[in-house]
Amino acid sequence: MAILEEPIKEVSLIKNYINGEWVESKGEIKDVVNPATGKVIARVPISTNDEIEAAVEAAKTAFPDWRRTTPLARSRCLFRLKELLEENFEEVSRIQTQEHGKTIDESRGETRRGIENVEVACGIATLMQGYFSEDIASGIDEYLIPTPLGVFGIIGPFNFPFMIPLWSAPYAVATGNCVIIKPSSEDPLSQRRLAELVDEAGFPPGVWNVVNGGRTVVSGMLEHPGIVGITFVGSTPTAKYIYKMCGETGKRVIAQCGAKNFMLIMPDCNVAGTIPALMTSFFGNTGQRCLSGAVLVIVGEDDGFYNSFMDAVVDTTSKIIIGNGLDESVQMGPLRDKGKKERVLGYIESGIQQGAKLRLDGRGEVKIVGDYPQTCFIGPTIFENVTPDMKIGRDEIFGPVMSVMRAKNLDEAIDMAHSSPFANGHAIFTSSGKTAREFQYRIVSGNVGINVGIVAPMAFFPFSGMRDSFFGVLHTQGREAVRFFTESKVVIQRWL
Ligand code: NAD
């Protein structure tokens, strides 16, 4: 099939968006590479402390007037942004495929999920209402007003470069705060396009800022006293550092992080409906999702069921079409970069060394549609006879690797899932309501799937997480985000 037209045609130096202006950074410059083609598509700066300072100053200056802008007027900017995102939907999606490598359908799904957060935040006039009690004593009333706090930092990961900052930013600005977004330096182009649309939507200068860079920019934001809170989405080690630093510097924080999701297969599951769901769960986004399936646990002692189910899984997996995500026939793109591929290959090696059975081997020359360098491509991989103590059964691999375990019964399967320090998106596949209820009740997991392989909450539900998958109290998205970006001011009024 023909390759869709690439929206990024020329290599440009990405500028920061500060105070409504596009400003060239004085920082060191890195290349942004399309992992499918191996071509440099942009250059991104590692911004300096002065540039973080300028963004915080702009946001602090914009805050008083933005806060006084009525919620309805603020939501009108978001309505305009939503319309602009719809008009530019395909371009924004193709940019994600070019910068990240995911398939165009995955990018379109990501764009849609991002827009949905803008849509939910458009309802801010009712979402941020307070409450009122008349006559707490004779002639005295008490009421609560949710108030914005100031400037928030929003730090995104590489795996959903467009959508994840939108789990936070629309709610932050809708509630009257100003934001500084730090996209992943690996794929910052869709955030640049988003900021261009924010500019066109008419947000006042300083309300929405973008400062590019990596860990040094994050450290600068964490240390800056002008930033009152941080939302972070990324790996667990970075999340722990962010959480600790926010504690030390007195910032409120949401830190959503790593995962190792267990998919439990009961012998009574609907096999025809389950296999496609597993394909998307384990191999969609090339396994680079915090909600990807990582461990498949087949429950029960029926070898006949195990063998036929695994034969179907291996057969379907081996037919996955790999290539450039801008080819609409492609079902799996490359990993984001060479380093990530080497990391996944290291895990495959460790699985072999630790005695797991390599049933489908994604190493070596990958069969790709079209003529592309092998650099970031890897085939889907399946291991059987995995145990929870093996590295491939325990660590977050973040690649298209399925580790298969067997459990005698539901109790043992739940114990296996609980042996992981992560608890982000475990799921069960069963046609028994009783088993599903039991699993839902007992499983420790922020997001729980019942016959659903990727438990991605809608924008009007929180994006939850437990144990080593989340640090904080409130989550991004919906009402919890509104709560996070506001403080409760309680007023007692005596009518003298
Ligand atoms: P990462 O931790 O490497 O980077 C995340 C962000 O932090 C980036 O902007 C990066 O520039 C910055 N960063 C990286 N190292 C840093 C350091 N030492 N100090 C300060 N900042 C640093 O994560 P990633 O590889 O971009 O993303 C993948 C991870 O994100 C996976 O673990 C995945 O499970 C997780 N994730 C979690 C969720 C969720 O909601 N739970 C969603 C998506 C991704």
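Caption draft 1: Local environment of the pattern of salt bridges. Throughout the structure, instances matching the rule amount to 30 salt bridges. Here Glu86 and Arg112 are joined by a salt bridge, their closest N and O atoms 2.9 Å apart. You can see Glu86 sitting in helix H2 (residues 71-87) and its partner Arg112 sitting in helix H4 (residues 104-121), a full 26 residues away along the chain. Residue class for Glu86 comes out partly exposed when judged on its relative accessible area of 27%. Of the residues examined, Arg112 reaches a relative accessible area of 31% and is grouped as partly exposed. With its nearest N and O atoms 2.9 Å apart, the salt bridge here joins Arg363 to Asp361. Here Arg363 falls in the partly exposed class, since its relative accessible area comes to 30%. Look at Asp361 and you get partly exposed, because its relative accessible area is 40%. One continuous salt-bridge network, built from bridges that share partners, spans Glu90, Arg94, Asp105, Arg108 and Glu328.

Caption draft 2: Broad picture of the packing of aromatic side chains. Scanning all chains against the criterion turns up 13 aromatic pairs. A centroid spacing of 5.8 Å and a plane angle of 50° characterise the contact between Trp66 and Phe203, whose relative ring orientation is tilted. Of this pair, Trp66 sits in helix H1 (residues 49-68) while Phe203 sits in the loop between helix H7 (189-201) and strand E10 (208-210), and the two are 137 residues apart along the sequence. The burial state of Trp66 is the same as that of Phe203; both residues are buried. Ring geometry for Phe152 versus Phe484: centroids 5.7 Å apart, planes at 55°, classification tilted. Remark: Phe484 occurs in helix H16 (residues 478-484) and Phe152 occurs in strand E8 (residues 151-155); sequence separation between them is 332 residues. Its relative accessible area of 0% is what places Phe152 among the buried residues. Ring-pair connections join several aromatic residues into one group, and the members of that group are Trp66, Phe203 and Trp208.

Caption draft 3: Quick look at unusual backbone geometry. Not every positive phi belongs to a glycine, and Asn19 is a case in point at roughly 55°. You can see Asn19 is positioned in the loop between strand E2 (16-18) and strand E3 (21-23). Of note, the phi angle at Asn451 is positive, near 60°, even though the residue is not glycine. Secondary-structure assignment places Asn451 in the loop between strand E22 (447-450) and strand E23 (466-467).

Analysis parameters
Residue positions are counted from 1 within each chain, in the order its sequence is given. Only residues with pLDDT of at least 70 get local features here, since the model is predicted, and only at 80 or more are side-chain atom pairs given and counted; chain-wide, interface and lining totals rely on the full set of residues. The side-chain quantities take in all heavy atoms of the structure and omit both hydrogens and water. The salt bridge definition used is simple: a Lys or Arg side-chain nitrogen within 4 Å of an Asp or Glu carboxyl oxygen. Under the scheme used here, helices are H or I runs from DSSP no shorter than 4 residues and strands are E runs no shorter than 2 residues, and both carry numbers assigned from the N terminus. To sort residues, take the accessible area from a 1.4 Å probe on protein chains only and compare it with the maximum for the residue type: under 20% means buried, over 50% means exposed, and anything in between is partly exposed. Here is the rule: rings of Phe, Tyr and Trp (six-membered ring for Trp) pair when centre to centre is within 6.5 Å. Planes less than 30 degrees apart are stacked, more than 60 are edge-to-face, and the remainder are tilted.

These figures capture arrangement, not role.
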